Amino acid sequence: MKALSNLPDDDHIMRYVPWGRLRRDGDDNVLGFLPQGFQRRETEESLSVNWIEYFSGDRHSQITASVRMFRQTITVGSKSAFGIGHVGKTKDVCRAHGAVVRIIYEPTDDNPAHAGIRRLPREDFTLLEALAADAFVELIHNTAIP
Amino acid sequence: MAGLVLGSPIGGNTMNWRMGAELQPAFSTETKRIVEWVDRLRRPSPASLRSQASGRPLEARVFDALAAAKTLTARVAMHLDRETRDKLFSQLDSLHETEQWEAGDEPVNPSSFETFLKAILTISPARRPGLGLSHTGDLVAAWTTGRDRLTIEFLPNDRVRWVLARYQDDGEPDRFAGQVEVSRLVQGLAPHRPEHWFSNESSQQSPR
């Protein structure tokens, strides 16, 4: 796929979420993701994710490869987790909150699976909550991937 | 109580936490106590506790931020039971394990923590929230009941923003959000039955 192409709606993306932005209960049991886990920084033009279908093999192999790619390119905390979202569903959730986003293949030298969610509002707390709860519905603990 | 607007319009500012003398006889002992707690929090932190901006090593900034948070807590410690206080410190320490951080993350902002304490003292939830930290150092509190979620971010200077989601029988969520002065947080949440999250009778979603 060419860089800057839209990812297929039927594909999936993976977002790295560090410990401090995991949703937990009062006893620190992990329940999901906080909205802040999907807030891009002021200096970022897009929200960084991995394109899972970049990798070959069955789904488990693709997920494992994506996590390992994150470990090669960023500091992955031992207590962190990864959120998996369906591309089409993610766009639907954003659209329902008035945001028309593009999910684009943005390979880098370090990470050929890198993609980005562009035009995502930074400060729309309701949208970020919806992404955390309804778009990235699958959570993979870092400790679950060898 | 439906809200905690304690100020008579001193200088036209109804958000002032000081209680006008003329209103004191109208308030209960408990309300007056809360006002005293909050007033203690408003006292300036010693300069030695203010975390200095970038330029200092991260470990030093984390140490300073945690020290400031614990000092602020100590000012109202007599109104928090030991278990609550110990658990809060444990949660803060957990959030400041820098090996779990992304590059560029900041420690808890003392002003954000101050806002958090004010909120917790007025809400007085029976259930302890899960805590998180935004990458800019704003403290986040989360309550979860089944699929329903309440998330509050504590901003500097007594501002809070919150979002809640309540899932209906058809599986679709109703979402509501607000951004208010911390003194009006209770009022802001009141229409949404916050006891759904704050009371002990609420059940929690199983950990993933």
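Residues numbered from 1 in each chain as written. Chains lettered and ligands numbered in written order. Predicted model: local features only at pLDDT ≥ 70, side-chain atom pairs only at ≥ 80, totals over all residues. Heavy atoms only, no water.

1. Examining the overall build of chain A
At step 1: A count of helical and extended segments in chain A gives 3 helices and 8 strands.
At step 2: In chain A, the order of α-helices and β-strands from amino to carboxyl end is β-β-β-β-α-β-α-β-β-α-β.
At step 3: For 146 residues, the compact-globule formula gives about 15 Å, and the C-alpha radius of gyration of chain A, at 14 Å, lands near that figure.
At step 4: Its C-alpha atoms put chain A at 45 × 40 × 30 Å along the principal axes.
At step 5: Burial statistics for chain A: of 146 residues in total, 60% are counted as buried.
At step 6: Counting contacts in chain A only where the partners sit at least 6 residues apart, residues at least 24 apart contribute 70% of the total. (Helix = DSSP H or I, 4+ residues; strand = E, 2+ residues; numbered from the N terminus. Rg over C-alpha atoms; globule rule 2.2 N^0.38 Å. Buried < 20%, exposed > 50% of the residue type's maximum accessible area, 1.4 Å probe, protein only. Contact = heavy atoms within 4.5 Å.)

2. Let's talk about the interface of chain A and chain B
At step 1: Tallying the contact residues gives 41 residues for chain A and 41 residues for chain B.
At step 2: The contact between chain A and chain B buries some 3300 Å² in all, and 43% of this surface belongs to carbon and sulfur atoms.
At step 3: At the junction of chain A with chain B, the criterion picks out 9 salt bridges.
At step 4: Note that A:Asp134 is salt-bridged to B:Arg175, the shortest N-O span being 2.7 Å.
At step 5: Summed over the shared surface of chain A and chain B, the number is 24 residue pairs in polar contact (both at pLDDT 80 or more). (Buried area = accessible area lost by both parts, 1.4 Å probe. Salt bridge = Lys/Arg side-chain N within 4 Å of Asp/Glu carboxyl O. Polar contact = N/O pair within 3.5 Å; in protein donor to acceptor, adjacent residues only side chain to side chain.)

3. Considerations on the sheet that holds strand β2 (residues 139-145) of chain B
At step 1: With antiparallel pairing, the 5 strands of this open sheet are ordered in space as β1-β2-β3-β4-β5 (chain B). The sheet is open, and its two edges are formed by β1 (130-133) and β5 (173-181) of chain B, each paired on a single side. Ignoring strand direction, the axes of neighbouring strands in this sheet form an average angle of 15 degrees.
At step 2: Across the face of the sheet, helix α3 (residues 125-135) of chain A comes into contact with β3 (148-154), β4 (159-167) and β5 of chain B while running at roughly 45 degrees to β4(B). (Pairing = 2+ DSSP bridges. Axes fitted to C-alpha atoms, helices over the stretch in contact; angles between N-to-C directions.)

4. Remarks on the pattern of salt bridges
At step 1: For the structure on display, the rule yields 22 salt bridges over all chains.
At step 2: The closest approach of N and O atoms between A:Arg24 and A:Asp28, which form a salt bridge, is 2.8 Å.
At step 3: Residue class for A:Arg24 comes out buried when judged on its relative accessible area of 1%.
At step 4: B:Arg82 serves as the salt-bridge partner of B:Asp86, at 3.7 Å between the closest nitrogen and oxygen. With B:Asp86 and B:Arg82 both in helix α3 (residues 82-95) and 4 residues apart, this pair spans about one turn of that helix.

5. Points about the pairing of strand β1 (residues 12-17) of chain A
Residues and elements named next belong to chain A.
At step 1: The element β1 is largely enclosed, with a buried count of 6 among its 6 residues.
At step 2: Of the two faces of β1, the one holding His12, Met14 and Tyr16 and the one holding Ile13, Arg15 and Val17 are both buried throughout.
At step 3: Pairing analysis gives 6 bridges linking β1 to strand β5 (residues 81-86), with the strands arranged antiparallel. Counted as the bridge partner of Ile13 is Gly85 from β5.
At step 4: Inspection of the sheet shows β1 paired to strand β4 (residues 46-51) by 2 bridges, in the antiparallel sense.

6. Points about the nonpolar core
At step 1: Membership of the largest hydrophobic core comes to 37 residues, with the highest contact counts inside it found for B:Phe113, B:Phe116, B:Leu139, B:Ile152 and B:Leu185.
At step 2: If you tally residues by element for this core, the top one is helix α4 (residues 110-123) of chain B, at 7 residues.
At step 3: In terms of nonpolar packing, the next biggest core, distinct from the first, is built from 30 residues, A:Trp19, A:Leu22, A:Ala99 and A:Ala130 among them. (Core = buried A, V, L, I, M, F, W, Y, C linked by side-chain atoms within 4.5 Å.)

7. A short note on the packing of aromatic side chains
At step 1: Applying the stated rule across the entire model yields 11 aromatic pairs over all chains.
At step 2: Both rings, one in A:Trp51 and one in A:Tyr105, keep their centres 5.1 Å apart while their planes meet at 65 degrees; by these two values the pair is edge-to-face. Of this pair, A:Trp51 sits in strand β4 while A:Tyr105 sits in strand β6 (residues 102-105), and the two are 54 residues apart along the sequence.
At step 3: Residue classification places A:Trp51 among the buried positions, given a relative accessible area of 9%.
At step 4: With relative accessibility at 7%, the residue A:Tyr105 sits in the buried group.
At step 5: Note on B:Phe113 and B:Phe116: the rings are 5.6 Å apart at their centroids and 35 degrees apart in plane angle, and the pair reads as tilted. Taken together, the positions of B:Phe113 and B:Phe116, both in helix α4 and 3 residues apart, correspond to about one turn of that helix. The pair B:Phe113 / B:Phe116 is uniform in exposure class, with both members buried. (Phe/Tyr/Trp six-rings, centres within 6.5 Å; stacked < 30°, edge-to-face > 60°.)

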